[in-house]
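Here is how the chains run, residue by residue.
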Amino acid sequence: MAFGSLLRVALSLLIGGVLALGLGQPANAQVHLHPDENGTEIVRSLESLRDLDYQSWQAVAYRSGPPGGPVTLRIVGYPGRVRLDHPTSLIVHSGRGTWELEDITTANPKLAVDGRDAAAEFDLNPLLADLNQNRPLRLELPGVFVELPVPPFVVGEWRSLPSWRDAG
């Protein structure tokens, strides 16, 4: 019996340790100041995400200017592997909610003349105005990908952009 009790205690400690590791500190936000193509400081969140076909995409949400300014979401695929047509609205799903974000790619002078057509930009403000939790999102870009999952910590980064201030 002593061996059985010892085994139960050891197993309990092992399970407790695994749970403690899994429920540790939340991930640090990756929101930071970064110069854009023109050297202007922007606040951005940069994440690599995979769609359901296991294709990699960069999701860059950024705000230029002071807090309260507009927030843009740039989706970038690998040049030569994808060609994004404009305008194509980005459809966002979360629970029962659905949003259609306007394609504003051609308003960016650098992207408007980029012949690779591997990036698209969308106005993120309508979505951010409606979100009150960091719930997972599913992005859909018709003709490109059916579902690009966005985890809650990334949604939290995006939600922090309108009011983010440099601590330094």
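This one's a predicted model, so the numbers in the text were calculated from it and none came from an experiment. (Residues numbered from 1 in each chain as written. Predicted model: local features only at pLDDT ≥ 70, side-chain atom pairs only at ≥ 80, totals over all residues. Heavy atoms only, no water.)

A closer look at the overall build of the protein
- Each helix and strand in the protein was counted, giving four helices and nine strands.
- Counting from the amino terminus, helix and strand elements in the protein follow one another as α-β-β-β-β-β-β-α-β-α-β-β-α.
- Taking the intrachain contacts of the protein between residues at least 6 apart in sequence as the baseline, contacts between residues at least 24 apart amount to 54%.
- For the protein, the accessible surface area stands at approximately 10,400 Å², while carbon and sulfur atoms represent 56% of it. (Helix = DSSP H or I, 4+ residues; strand = E, 2+ residues; numbered from the N terminus. Contact = heavy atoms within 4.5 Å. Areas by Shrake-Rupley, 256 points an atom, 1.4 Å probe, with all protein chains shown as cover.)

Observations regarding the pattern of salt bridges
- In total, this model carries one salt bridge according to the counting rule given.
- A salt bridge links R74 to E121, with the nearest nitrogen and oxygen atoms 2.7 Å apart. Taken as a pair, R74 in strand β4 (residues 71-76) and E121 in strand β7 (residues 119-123) lie far apart in primary sequence, 47 residues in all. (Salt bridge = Lys/Arg side-chain N within 4 Å of Asp/Glu carboxyl O.)

Looking at the confidence of the model for the protein
- Per-residue confidence for the protein gives a mean pLDDT of 81; residues scoring 70 or more make up 80%.
- Of the regions scoring below 50 in pLDDT, residues 3-29 engages in two contacts with residues more than four places distant in sequence or in other chains. (pLDDT = per-residue confidence, 0-100.)

Things to note about the sheet that holds strand β5 (residues 90-94)
- Strand order in this open sheet of four strands is β6-β5-β8-β9, and the pairing throughout is antiparallel. Each edge of the open sheet is held by one strand with a lone partner, namely β6 (97-101) and β9 (145-150). Strand after strand, the sheet turns through a mean of 25° between neighbouring axes, direction not considered.
- Bridge analysis of β5 against β6 gives five bridges, and the strand direction is antiparallel. Within β6, the residue paired with V92 across the bridge is W99.
- On the sheet, helix α4 (residues 152-160) packs against β8 (137-141) and β9 and is oriented at approximately 80° with respect to β9. (Pairing = 2+ DSSP bridges. Axes fitted to C-alpha atoms, helices over the stretch in contact; angles between N-to-C directions.)

Thoughts on the nonpolar core
- In terms of nonpolar packing, the biggest core is built from 32 residues, with L73, I75, L90, L124, L139 and W158 touching the most fellow members.
- Those residues in contact with I75, other than ones at most four positions away along the chain, are W57, Q58, A59, L84, A118, A119, A120, F122, L139, F145 and L148. (Core = buried A, V, L, I, M, F, W, Y, C linked by side-chain atoms within 4.5 Å. Buried < 20%, exposed > 50% of the residue type's maximum accessible area, 1.4 Å probe, protein only.)

Topic: the layout of surface pockets
- Of the voids in this model, the largest pocket is the one considered here, and its volume is about 400 Å³.
- Lining the largest pocket are 23 residues, and of these D36, E37, Y62, R74 and E121 sit closest to its centre.
- At the level of elements, β1 (31-35), β2 (41-50), β3 (56-64), β4 and α2 (109-112) are the ones that each hand at least two residues to the lining of the largest pocket.
- Sorting elements by how many residues they give to the lining of the largest pocket places β3 first, with five residues.
- Per-class residue counts for the lining of the largest pocket are ten nonpolar, six polar and seven charged. (1 Å grid on protein atoms, 1.4 Å probe; cavity = no way out; pocket = protein on both sides within 12 Å on 5 of 7 lines; lining within 4 Å. Points joined across faces, edges and corners; volume = space filled by probe spheres on them. Nonpolar A, V, L, I, M, F, W, Y, C, P; charged D, E, K, R; others polar.)

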